[in-house]
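Fold and contact review
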Amino acid sequence: MQKQTSKEKKELNFGHKYLFGIGDLGFNWMTNIETYYFSYFLTNVAMFPLALVSIISTVGSTIDALLSWTYGIVLNKMKPLKWGRYRSILVVLPWLVPFLYLFQFKAFGNGTAAAVIVIVGTVTSHIAWNFPYVANMAMVNVAAADAEQRNALSSVRGMWTYIARCTYSYVGPALVAFCASRLGEANGYAAAAFILGCVMAAGYFAHFVMFKGYEETGAEEIARMEREAAAKKEQNGGSAKKVGLVAAIAANPQILGVLGSYCLYMMNSFCYSAFAVYYGDYVAQSASFTMIYLFLANITAVAGSIVCKRVAKRFSGKGAYQLAFLVIAVMYGLAYIVRFNPTMVIVCTTVAGFFTAFVTVMVVPMLSNCAIYSEYKTGVNCTGTIMGFINIPIKVAVVTRGILISAVLAVTGFSATIAVEDATQSVKNGIAAGFTIIPAILVLLGLLAVTFGYHLTDDKIAEYSAEIAKKRG
C-alpha cells in the first residue's frame with residue numbers, strides 16, 4: 001500500500017456548497033451586538049462617566065487595530081494542532097468567546113476597576129474570535145482544488161454573511177429585549193452577547209466538521225515539513241536554506257493590489273453607510289429611508305453573492321471584481337444626478353448593493369491566489385498570514401471614516417443646530433455628494449488599484465498549484 005505523502009484535494013460536498021458560511025452568520029450576529037449596543041451599554045446601562053467611556057472605547061479599539069495584522073502570522077508560525085493548522089482553530093478557540101465576550105457587557109460598578117474588566121473582556125474576546133475568523137477564510141484555500149471551488153466556497157460564505165446582515169435587525173434587538181425582560185437590563189446585554197457567541201461557536205464547529213479530511217492533520221503536516229526540509233538540505237549541499245514569511249510576502253507585490261483596492265472599497269462602504277442617515281434626514285426627509293435602503297441593498301447582495309461565482313467562472317475572479325467596482329461607481333454617480341428623488345436613489349443603490357457582494361466574495365479567492373503565488377515563488381506556505389491581512393483594510397477604513405465624514409460636513413457648512421427643513425441647498429448637495437459621489441470616486445480608485453496592481457490569472461494559479469503539489473510529493 002502506497003503511503004500518502006500529501007493531502008489530496010477532494011470534491012466539495014453538499015455542506016460546502018450550501019452550508020459553509022453559517023459560522024459567518026453567527027459571527028456577524030455576534031459582532032453586531034457590539035456595533036449597535038456597546039456605546040449605549042457603556043453610557044446608559046453601566047453609567048460610566050463620559051471620559052471613562054472614551055477611554056474604554058479608545059483603548060479597546062486601538063489594541064484591536066494594532067493586533068489585526070498579527071493573527072495570520074501566528075497561525076503560520078505556530079506548531080500545527082491535532083486536526084490541522086487551520087481546521088483545529090475552528091474548534092479550539094470559538095467556545096472561549098462567549099465566556100470572554102459577556103464581560104465586555106458586564107459592569108461591576110462604574111469605576112476604574114469596572115472599566116478595566118470591560119476592556120479586558122473586549123480585548124480577549126476579540127483575540128479569541130479573530131484567530132478562527134482568519135482560519136475560516138484560510139480553509140477556502142486549503143480545501144479548494146481550483147479557482148472554481150475557491151469561488152464557490154467564498155460565494156456561499158458571502159451569501160450567509162449578507163443573510164446575517166438582513167436578519168440581524170430582527171434577531172439582535174429581539175434577543176436583547178428578551179434577555180433584558182428575564183434577567184434585567186444590567187444583565188440583558190451580557191446574556192445576548194453570550195448566546196450569540198455560542199451561535200457563532202456552533203457555526204464554526206459545523207465548519208470544522210464539514211472540512212474533515214480536507215486539510216493535513218498536525219502529524220501529517222509536521223512529517224511533510226521534515227521531509228521537505230531534508231530534501232532542501234540535500235539540494236543545498238547539507239545546509240537547509242530558509243525563507244521567512246516577510247520574504248515570502250515581499251516576493252508577491254500582488255497582495256498590495258488586492259488590499260489597496262479592498263481598503264478603498266471599505267472606505268467607500270463606511271462613507272455611504274454613515275451618510276445614508278444624513279441623506280434620509282436632510283435630503284429625503286424620510287424617517288424610513290435608511291431602513292428601506294439598507295434592507296434592499298442587503299437583500300440584493302444575497303442574490304449577488306449567489307450569482308457572482310457564475311460571473312467569475314465566465315470572466316475570472318478578477319474580472320468579476322473589476323465589474324463590481326465599475327458598476328458600483330456608475331450607480332452611485334447616477335444616484336447623485338437623481339439625488340432629490342429618493343425613490344430613484346434607492347433603485348440605484350439597490351443595484352449597487354447587488355454588486356457589492358462580488359467584492360466581498362471575490363477578495364477572498366484573490367488573496368488565496370496571492371498565497372499560492374507566494375508559496376510557488378519561495379516555497380513558504382503563508383496562507384494564514386495573507387488571509388489575515390484582510391483585517392488591515394477594515395481597520396484603516398474605520399480610522400479614516402471619521403476624518404472623511406467630518407471634512408465633508410465641514411465643507412458643506414453643516415451644523416446640527418440647523419433644523420432639517422432649514423438646511424440650505426449647499427448642505428443638501430454636500431450630504432448627497434458624501435452619500436454618492438465620494439464613494440464613487442473611492443471605488444474608481446479601487447478599480448485602478450486592482451487593475452494595475454494584481455495580474456494573477458486562474459490559468460497561472462492552476463499551474464502554480466500543480467507545481468506546489470508536485471514539490472510536496
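Residues numbered from 1 in each chain as written. Predicted model: local features only at pLDDT ≥ 70, side-chain atom pairs only at ≥ 80, totals over all residues. Heavy atoms only, no water.

**Observations concerning the nonpolar core**
The criterion, for reference: As used here, the term nonpolar core means buried Ala, Val, Leu, Ile, Met, Phe, Trp, Tyr and Cys residues forming a set that is joined through side-chain atoms within 4.5 Å. The cut-offs for exposure are 20% and 50% of the maximum accessible area for each residue type, with area from a 1.4 Å probe on protein chains only; residues under the lower value are buried, those over the upper are exposed, and the others partly exposed. It only takes one pair of heavy atoms within 4.5 Å for two residues to be counted as in contact.
Counting residues in each nonpolar core, the largest one holds 146 residues, and the members touching the most others are Ile33, Phe48, Ile56, Phe105, Tyr321 and Phe435. If sequence neighbours within four positions are ignored, Phe105 has contacts with Ile33, Glu34, Tyr37, Phe38, Phe41, Ala186, Tyr189, Ala190 and Ala193.

**Remarks on the pattern of salt bridges**
Stated formally: For this document, the term salt bridge refers to a Lys or Arg side-chain nitrogen within 4 Å of an Asp or Glu carboxyl oxygen. In DSSP terms, a helix is any run of H or I states spanning at least four residues, a strand is any run of E spanning at least two, and both are numbered starting from the N terminus.
Under the counting rule described, the total for this entry stands at 6 salt bridges. Its salt-bridge partner being Glu221, residue Arg85 comes within 2.9 Å of it at the nearest N-O pair. Residue Arg85 is found in the loop between helix 4 (71-77) and helix 5 (89-92), and its partner Glu221 is found in helix 10 (residues 218-235); the two are separated by 136 residues along the sequence. Exposure remark for Arg85: the relative accessible area of 6% places this residue in the buried category. Residue classification places Glu221 among the buried residues on the basis of a relative accessible area of 8%. The salt bridge involving Lys313 is made with Glu148; its shortest N-O contact spans 3.5 Å. With Lys313 in helix 13 (residues 289-315) and Glu148 in helix 8 (residues 147-183), this residue pair connects regions lying 165 residues apart in the sequence. A relative accessible area of 59% means that Lys313 is categorised as exposed.

**Observations concerning the confidence of the model for the protein**
Applied cut-off: The pLDDT value tells you how sure the predictor is about a given residue, anywhere from 0 up to 100.
Summarising the model, the protein shows a mean pLDDT of 88, and 93% of its residues fall at 70 or more. Looking over the protein, one finds the lowest element-wise mean pLDDT in helix 11 (residues 245-250), namely 66, and the highest in helix 6 (residues 97-101), namely 97. Taken as a whole, residues 1-5 scores under 50 in pLDDT and shows 4 contacts with residues more than four places along the chain or in a different chain.

**Remarks on the side chain of Ser68**
Relative to the elements of secondary structure, Ser68 occurs in the loop between helix 3 (50-67) and helix 4. Excluding its chain neighbours within four sequence positions, the residues that come into contact with Ser68 are Gly388, Asn391, Ile392 and Lys395.

**Observations concerning the side chain of Thr31**
For Thr31, the position within the fold is in helix 2 (residues 22-45). Non-local contacts of Thr31, meaning those with residues more than four positions away in its chain, are made with Tyr101 and Trp129.

**Comments concerning helix 12 (residues 254-283)**
Working note: α-helix, 3.6 residues per turn, so residues spaced by three or four point in the same direction. Here is the rule we go by: Take the residue count of a helix, subtract one, and multiply by 1.5 Å to get its expected span. Note that bend, as reported per residue, equals the angle between axes fitted to the 7 residues terminating at that residue and the 7 residues originating from it.
The end-to-end C-alpha distance of helix 12 is 41 Å, a good match for the 44 Å that 30 residues give at a rise of 1.5 Å each. A maximum bend of about 30° is found in helix 12 at Ala276. Burial within helix 12 is extensive, with 23 of its 30 residues counted as buried. Directly after helix 12, the chain includes Gln285, whose backbone phi takes a positive value near 50°.

**A look at empty space enclosed by the protein**
The line we're drawing: The rule is simple: put a 1 Å grid over the protein atoms alone, call a set of points where a 1.4 Å probe fits but cannot get out a cavity, call an open set with protein on both sides within 12 Å along at least five of seven lines a pocket, and count a residue as lining if it has an atom within 4 Å of a point. Grid points are joined across faces, edges and corners, and a volume is the space filled by probe spheres set on the points.
Counted by the stated rule, this structure contains 3 cavities of 30 Å³ or more. Looking at the largest cavity, its volume works out to about 70 Å³. As for the largest cavity, its lining consists of 13 residues, of which Gly317, Lys318, Asn369, Tyr454 and Asp458 are closest to the centre. Breaking the lining of the largest cavity down by element, the ones donating at least two residues are helix 8, helix 14 (317-337) and helix 15 (342-378).

**Remarks on a nonpolar patch on the surface**
Cut-off, in case you're wondering: Patch members must show over 30% relative accessible area and no salt bridge, and they are joined within 9 Å when carrying like charges or within 5 Å when they are nonpolar side chains of Val, Leu, Ile, Met, Phe, Trp or Tyr. Note on areas: these come from Shrake-Rupley sampling with a 1.4 Å probe, and a residue is covered only by the protein chains present in the view.
Taken together, the side chains of Tyr170, Met291, Ile292, Phe295, Leu296 and Ile299 make up a nonpolar region of the molecular surface, amounting to roughly 580 Å² of accessible area. Tracing the chain through its elements places Met291 in helix 13. Look at Met291 and you get exposed, because its relative accessible area is 59%.

**Topic: the packing of helix 14 against helix 19 (residues 437-453)**
This is how the line gets drawn: Whenever a helix is involved, its axis is fitted only over the stretch in contact; in every case the axis is a line through C-alpha atoms, and angles between N-to-C directions fall within 0 to 180 degrees. Relative orientations are named as follows: roughly parallel for angles under 35 degrees, roughly antiparallel for angles over 145 degrees, roughly perpendicular for angles from 65 to 115 degrees, and oblique for any other angle. Crossing chirality is assigned from the near helix's rotation relative to the far helix, an anticlockwise turn below a right angle marking it left-handed and a clockwise turn marking it right-handed. Under the grouping applied here, Gly and all other residues not named as nonpolar or charged are polar, the nonpolar ones being Ala, Val, Leu, Ile, Met, Phe, Trp, Tyr, Cys and Pro and the charged ones Asp, Glu, Lys and Arg.
Direction vectors running N to C along helix 14 and helix 19 enclose 160°, while the axes themselves pass 8 Å from each other. Between helix 14 and helix 19, the angle falls in the class roughly antiparallel. Here helix 14 runs over helix 19; the crossing is left-handed. Across from Lys318, Tyr321, Gln322, Phe325, Leu326, Ile328, Ala329, Tyr332, Gly333 and Tyr336 in helix 14, the residues of helix 19 making contact are Ile437, Ala440, Val443, Leu444, Gly446, Leu447, Val450 and Thr451. Looking at side-chain class alone, the contact of helix 14 with helix 19 contains 13 nonpolar, 4 polar and 1 charged residues.

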